[in-house]
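# Reading the structure
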Amino acid sequence: MNLTRFSAELKRRHVYKVGVAYAVVAWLLVQAASILFPTFDAPAWTMKVFVMSIALGFPLAVILAWAFDMTPEGIKRTEEVSTEVKIARNPAGN
């Protein structure tokens, strides 16, 4: 497989954006949990379970970003959406 085409496909399917957004939100949640869990006297294992569930959710989020796409008509499989629909969805080019 051509690495350049694969990278372009990742960008077209917004996998990079989903990965970065997931990482930022996960980091914020872990920071908030590290402050709030001790406040509510949560056992130490709850933080471990929380972090592991967030870590296990990352591959799921990336797989779903690869397989599905948001369109004006709702969520559709990426193969069913033409590139014209994706471009029309975001006319500003962002």
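Look up: the structure comes first, before these words.
Now for a look at the structure at hand.

What counts and what doesn't
- Residues numbered from 1 in each chain as written.
- Predicted model: local features only at pLDDT ≥ 70, side-chain atom pairs only at ≥ 80, totals over all residues.
- Heavy atoms only, no water.
- Salt bridge = Lys/Arg side-chain N within 4 Å of Asp/Glu carboxyl O.
- Helix = DSSP H or I, 4+ residues; strand = E, 2+ residues; numbered from the N terminus.
- Buried < 20%, exposed > 50% of the residue type's maximum accessible area, 1.4 Å probe, protein only.
- Pairing = 2+ DSSP bridges.

## Some details on the pattern of salt bridges
Considering all chains together, one arrives at two salt bridges under this definition. Salt-bridge contacts for arginine 12 lead to glutamate 9; the nearest nitrogen and oxygen are separated by 2.5 Å. Taken together, the residues span about one helical turn, with arginine 12 and glutamate 9 both in helix H1 (residues 3-12) at a distance of three residues. Accessibility expressed as a relative area gives 21% for glutamate 9, which makes it partly exposed. Residue glutamate 9 pairs with arginine 13 through a salt bridge whose shortest N-O separation is 2.6 Å. Among the ionic contacts, a cluster of salt bridges with common partners joins Glu9, Arg12 and Arg13.

## Regarding the pairing of strand S1 (residues 68-71)
Residues Asp69 and Thr71 of S1 are buried on one face, while the alternating residues Phe68 and Met70, pointing to the opposite face, are not. Examined bridge by bridge, S1 and strand S2 (residues 74-77) share four bridges and lie antiparallel to one another. Paired with threonine 71 across the bridge in S2 is glycine 74. Taking the residues that link successive antiparallel strands as the turn, the S1-S2 hairpin has two residues.

So, to be careful, I would describe these as geometric facts and stop short of saying anything about function.
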